[in-house]
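Notes for the structure review
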Amino acid sequence: MNRVFSGVQPTGNLHLGNYLGAIKNWVAMQATHDCLYCIVDLHAITVPQDPAALRAATREVTAGLLASGIDPKVSIVFNQSQVKGHAALAWILNCLTPLGWLNRMTQFKEKAGKARDQAGLGLYAYPVLMAADILLYKATHVPVGEDQKQHLELARDIAGAFNRQSGVEVFPLPEPMILGPATRVMSLRDGTKKMSKSDTSDYSRINLTDDASTIALKIRKAKTDSEPTVTYEPKRRPEAANLIDIFAALSGETAEAVTRRFSDSGFSAFKNALGELAVEKLGPLAAEMRRLMQHQDYIDEVLRAGGERAQHIAERNLAEVENLVGLLKP
Ligand code: AMP
Ligand code: TRP
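Residues numbered from 1 in each chain as written. Chains lettered and ligands numbered in written order. Predicted model: local features only at pLDDT ≥ 70, side-chain atom pairs only at ≥ 80, totals over all residues. Heavy atoms only, no water.

Observations regarding the site of ligand 1
By nearness alone, 17 residues border ligand 1, and Q9, G145, D147, V185 and K197 come closest of all. G17 places a polar main-chain atom, nitrogen or oxygen, 3.1 Å from a nitrogen atom of ligand 1. Notes on ligand 1: free accessible area 480 Å², of which the protein chains cover 91%. The set of elements that each furnish at least two residues to the shell around ligand 1 consists of β1 (3–8) and α1 (16–29). Counting residues per element, the shell around ligand 1 draws most heavily on α1, which supplies four residues. When the residues that make up the shell around ligand 1 are grouped by side-chain class, the tally is five nonpolar, nine polar and three charged. (Near = heavy atom within 4 Å. Polar contact = N/O pair within 3.5 Å; in protein donor to acceptor, adjacent residues only side chain to side chain. Areas by Shrake-Rupley, 256 points an atom, 1.4 Å probe, with all protein chains shown as cover. Helix = DSSP H or I, 4+ residues; strand = E, 2+ residues; numbered from the N terminus. Nonpolar A, V, L, I, M, F, W, Y, C, P; charged D, E, K, R; others polar.)

Here you go:
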């Protein structure tokens, strides 16, 4: 049995990195796998959130998934906090995860920064909750962007530790699926930083809600070196390589094919073509997302129904785990 699970945080805007690194692959996997796609609000609260903004972002991200082509009749789409098993399983897994494993997590170090003692326990335990998300459904495949690779290795280690401790192969070891030419989309302002929801400059990213003229403008203004030709040299020309990767992911080609096609036409012609392609692919998505966001009742019903379906699977698996650990259900 192949089951896909993946998650996205309801914090800030969905951007091109989320779309090309993750969501586009999620859409494709619906044809071949049983899929659960989760808006991870419990992960979001590992850093301070405004309650009303968090609720709004949960709905907005849901609209983004649906607008991208996730079909809620086929896939299970829900927000994490509806299914209490995520937190319950996370607690059980916390109890068998050595601190040493968590101390290696680079994302915690980045997010906590220098004020490490001020960081919350939830932020530290974030990767264990992520393992619980996946294992609660015994998911076998997890499509994510490159930045989640370390967290997935930890999830595999935790699954293995639980299986060994209980003497039963309860959890399949989840396979990371890091797919496509744009698994790490970089900022449009700085080719050494990944495109992120939290960057203060809106010109660093293309939001899935951006209209056509904003998309075109951001691509036109994207920082590049001054070389006039199109060559693919990620080390020496990271900004140019990033735009080529984005083009390839949007057009469904390889970076090499894109580079070859534009090798005689010069960089500014390439940038114009990228602007047009991005508008063509993302414009309709933004329009559909704006339309869906007018229908809050529909979004809420999708999440409620998805939560119910997820709960069905979660309940059974959690009961099995609780029994193996020795928790009594009188
Ligand atoms: P997040 O927004 O951090 O919840 O990420 C949701 C999904 O998008 C995860 O699978 C990430 O790996 C992926 N993702 C986020 N930022 C990028 C990026 N700049 N490039 C590629 N994938 C990304
Ligand atoms: N940590 C992931 C991110 O920030 C989101 C996430 C939470 C996730 N739980 C997950 C991804 C389970 C895959 C599987 O991108």
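From this point, the narrative continues.
Some remarks on a nonpolar patch on the surface
The grouping of V168, L324, V325 and L327 at the surface amounts to a nonpolar patch, some 270 Å² of accessible area in total. Tracing the backbone through its elements, the reader meets V325 in helix α13 (residues 296–325). (Patch = residues over 30% accessible without salt bridge, like charges linked within 9 Å, V, L, I, M, F, W, Y side chains within 5 Å. Salt bridge = Lys/Arg side-chain N within 4 Å of Asp/Glu carboxyl O.)

Regarding the side chain of T58
With respect to the helices and strands, T58 occurs in helix α3 (residues 51–68). Assessed through its relative accessible area of 7%, T58 is described here as buried. When near neighbours in sequence (up to four residues on either side) are disregarded, T58 contacts P10, I39, D41, N79 and L303. (Buried < 20%, exposed > 50% of the residue type's maximum accessible area, 1.4 Å probe, protein only. Contact = heavy atoms within 4.5 Å.)

Some remarks on helix α7 (residues 121–135)
Residues spaced three or four apart along an α-helix point in a common direction, a consequence of the helix completing one turn every 3.6 residues. Over its 15 residues, α7 extends 21 Å from the first C-alpha to the last, a length consistent with the 21 Å expected when each residue adds 1.5 Å. Of all 15 residues in α7, 13 are buried, a share of seventy percent or more. (Expected span 1.5 Å × (residues − 1).)

Some words on the domain arrangement of the protein
Many authors give the size of an interface as the accessible area that is lost as the parts come together. Here the protein is partitioned into domain 1 (3–182 + 296–325) and domain 2 (202–291). The interface is formed by 14 residues belonging to domain 1 together with 15 residues belonging to domain 2. Interface of domain 1 and domain 2: buried area, both sides summed, is about 1,300 Å²; carbon and sulfur atoms make up 75% of it. Interface area lost by domain 1 to domain 2 is led by L16, A67 and P181, which between them contribute 39%. Summed over the shared surface of domain 1 and domain 2, the result is zero salt bridges. Where domain 1 packs against domain 2, one counts four residue pairs in polar contact (both at pLDDT 80 or more). The greatest single-element share of the side of domain 1 that touches domain 2, amounting to five residues, is contributed by α3. When the residues that make up the side of domain 1 that touches domain 2 are grouped by side-chain class, the tally is eight nonpolar, four polar and two charged. (Domains from an automatic or database assignment. Buried area = accessible area lost by both parts, 1.4 Å probe.)

Focus on the packing of aromatic side chains
One pass over the full model with this rule turns up nine aromatic pairs. A centroid spacing of 4.7 Å and a plane angle of 0° characterise the contact between W26 and Y37, whose relative ring orientation is stacked. Separated by 11 residues along the polypeptide, W26 in helix α1 and Y37 in strand β2 (residues 34–39) bring together distant segments of the chain. Residues W26 and Y37 agree in their burial class; the two are buried. For the ring pair F108 and Y124, a centre distance of 5.0 Å and an interplane angle of 70° mean the geometry is edge-to-face. (Phe/Tyr/Trp six-rings, centres within 6.5 Å; stacked < 30°, edge-to-face > 60°.)

A closer look at the environment of G180
By the secondary structure assignment, G180 is in the loop between β5 (175–177) and α9 (212–221). Put simply, G180 and A249 are 69 residues apart on the chain and 6.6 Å apart in space, counted from C-alpha to C-alpha.

Observations regarding the nonpolar core
Among the nonpolar cores identified, the biggest contains 54 residues, and L20, I246, F270 and L282 are the most heavily contacted of them. For this core, the leading source of residues is helix α12 (residues 267–293), giving nine residues. Ignoring sequence-local partners within four residues, the contact set of I246 consists of L16, L20, V185, L188 and L274. Counting residues in hydrophobic clusters, the runner-up holds 45 residues, among them L36, L129, Y137 and A161. (Core = buried A, V, L, I, M, F, W, Y, C linked by side-chain atoms within 4.5 Å.)

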